[in-house]
Amino acid sequence: MIEMKNVHKEYSNGVIAVDDLSVNIDAGEFVYIVGASGAGKSSFIKMMYREELATKGDVLIEGKNVTDMKQKEVPFLRRNIGVIFQDFKLLPRLTAFENVAFALEVIEESPKKINKRVLEVLEMVGLKSKARFLPNQLSGGEQQRVAIARAIVNNPKVVIADEPTGNLDPETSWEIMQIFEEINTRGTTIVMATHSQEIVNKLRKRVIAMENGQIVRDEHRGEYGYEA
Ligand code: ADP
Ligand code: ADP
């Protein structure tokens, strides 16, 4: 599903954020990426959805090389990968419904079908009753639910989340984690960068630990492993 081969990321200022990293993530896996700030977690996952390009090496999503992908192939990636951020990144002037509908890549679907799909995913994240709310009328946890609905509306094979619970209180974080569990149970691969020792140690999954741009530990049903 996701294959990285000898990947390097060097920023224009000379910082080497990812250093000769190789890893495979299979379809259906749930993977936490852990490590101190600056370890390279964000750079690592940004290369998966082509927000950053690798300076060396190969990043393959479903066998397709993301780094040298032609512009016309980029929509393929967007349909296959849903992305979720710590700060939600919702469009502030659009309602919950509109934020999700906006992300739906539909060319020939009828408004009726679009409506049905958007309400279906809002229901899955428990926010159907607030479809008409604007982001600033929603709590942080609710905004993150909308962001999750937006990420899964195209039925992506992979969901990538960069500290999705970083701005949420512990109880809300657990609610959000239950949604990720549900998405994963339905077969979607999940890659999640997180600083939450509690989540990683309680909801045991594969753990990839990074340090100085390299993978220093990769364990199935692993632990957070060090004091944050
Ligand atoms: P993490 O997500 O683990 O905190 P990052 O991937 O954000 O790690 O950062 C890894 C290293 O790359 C850090 O030294 C950071 O300062 C640097 N870095 C991240 N983004 C950029 C950028 N756009 N330009 C230059 N350096 C960057
Ligand atoms: P929390 O403090 O737990 O993050 P909020 O106080 O932001 O939650 O919101 C609590 C509830 O009130 C949420 O269900 C949210 O949808 C609703 N709410 C918050 N602000 C508004 C608003 N301006 N208009 C309508 N409903 C709102």
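Residues numbered from 1 in each chain as written. Chains lettered and ligands numbered in written order. Predicted model: local features only at pLDDT ≥ 70, side-chain atom pairs only at ≥ 80, totals over all residues. Heavy atoms only, no water.

1. Considering helix 4 (residues 111–124)
Taking 1.5 Å per residue as the helical rise, helix 4 with its 14 residues ought to reach 20 Å, and the 20 Å between its terminal C-alpha atoms agrees with that figure. Within helix 4, burial applies to Ile 114, Arg 117, Val 118, Val 121 and Leu 122. The buried residues of helix 4 occupy an angular sector of 130 degrees when projected down its axis, which confines them to one face. Across from the buried face of helix 4, at angles greater than 90 degrees, the exposed residues are Lys 112, Lys 113 and Lys 116. Looking at the packing, one finds that the buried side of helix 4 touches helix 3 (96–103) and helix 5 (140–152). A positive phi of about 75 degrees marks Gly 126, the residue just after helix 4. (Helix = DSSP H or I, 4+ residues; strand = E, 2+ residues; numbered from the N terminus. Expected span 1.5 Å × (residues − 1). Buried < 20%, exposed > 50% of the residue type's maximum accessible area, 1.4 Å probe, protein only. Arc of directions from axis to C-beta. Contact = heavy atoms within 4.5 Å.)

2. Remarks on the layout of surface pockets
Reported here for the largest pocket is a volume of approximately 580 Å³. Lining the largest pocket are 21 residues, with Arg 78, Ile 81, Val 83, Ala 103 and Arg 150 positioned closest to its centre. Its residues assigned to classes, the lining of the largest pocket comprises 11 nonpolar, 3 polar and 7 charged. Counting only domains with at least three residues in the lining of the largest pocket, you end up with domain 1 (1–80 + 157–228) and domain 2 (90–155). (1 Å grid on protein atoms, 1.4 Å probe; cavity = no way out; pocket = protein on both sides within 12 Å on 5 of 7 lines; lining within 4 Å. Points joined across faces, edges and corners; volume = space filled by probe spheres on them. Nonpolar A, V, L, I, M, F, W, Y, C, P; charged D, E, K, R; others polar. Domains from an automatic or database assignment.)

3. Points about the nonpolar core
Grouped together as the largest cluster of nonpolar side chains are 40 residues, with contacts concentrated most on Tyr 32, Val 100, Ile 148, Met 177, Phe 180 and Met 192. At 6 residues, helix 5 tops the list of elements feeding residues into this core. Here this core spans two domains, since at least three of its residues come from each of domain 1 (1–80 + 157–228) and domain 2 (90–155). Ile 2, Leu 21, Ile 33 and Val 191 belong to the second-largest nonpolar core, a separate cluster that totals 32 residues. (Core = buried A, V, L, I, M, F, W, Y, C linked by side-chain atoms within 4.5 Å.)

4. Focus: the domain arrangement of the protein
Domains assigned within the protein are domain 1 (1–80 + 157–228) and domain 2 (90–155). Between the C-alpha centres of domain 1 and domain 2 the distance comes to 24 Å. Domain 1 puts 15 residues into the contact, and the matching count from domain 2 is 11 residues. Across the domain 1 to domain 2 interface the summed buried area is about 1100 Å²; carbon plus sulfur atoms make up 68%. Our count for the contact surface shared by domain 1 and domain 2 stands at 1 salt bridge. (Buried area = accessible area lost by both parts, 1.4 Å probe. Salt bridge = Lys/Arg side-chain N within 4 Å of Asp/Glu carboxyl O.)

5. A look at the side chain of Glu 142
Along the polypeptide, Glu 142 turns up in helix 5. Look past the residues within four positions of Glu 142 in its chain and what remains in contact with it is Leu 127 and Lys 130.

6. Things to note about helix 1 (residues 41–48)
The buried fraction of helix 1 amounts to 6 of the 8 residues, a majority that puts the element mostly inside the structure. All of the buried residues along helix 1 are Lys 41, Ser 43, Phe 44, Ile 45, Met 47 and Met 48. Positive phi appears at Arg 50, one or two residues downstream of helix 1, with a value of about 65 degrees.

7. Brief notes about the site of ligand 2
Lining the immediate surroundings of ligand 2 are Lys 130, Phe 133, Gln 137, Leu 138, Ser 139, Gly 140 and Glu 142. Take Lys 130: an N or O atom from its side chain is 2.4 Å from an oxygen atom of ligand 2. Glu 142 places a side-chain nitrogen or oxygen 2.8 Å from an oxygen atom of ligand 2. Burial of ligand 2 by the protein amounts to 38% of the accessible area it has alone, namely 560 Å². A breakdown of the residues in the shell around ligand 2 according to their chemical character gives 2 nonpolar, 3 polar and 2 charged. (Near = heavy atom within 4 Å. Polar contact = N/O pair within 3.5 Å; in protein donor to acceptor, adjacent residues only side chain to side chain. Areas by Shrake-Rupley, 256 points an atom, 1.4 Å probe, with all protein chains shown as cover.)

8. Notes on the site of ligand 1
Close to ligand 1 lie Tyr 11, Asn 13, Val 15, Ala 17, Ala 36, Ser 37, Gly 38, Ala 39, Gly 40, Lys 41, Ser 42 and Ser 43. At 2.8 Å from an oxygen atom of ligand 1 is found a side-chain nitrogen or oxygen belonging to Lys 41. Between ligand 1 and Ser 42, the relevant distance is 2.8 Å, taken from an oxygen atom to a main-chain nitrogen or oxygen of the residue. Its free accessible area being 560 Å², ligand 1 has 64% of it covered by the protein chains. Residue contributions to the shell around ligand 1 peak at 3 residues, all from helix 1. Looking at side-chain class alone, the shell around ligand 1 contains 5 nonpolar, 6 polar and 1 charged residues.

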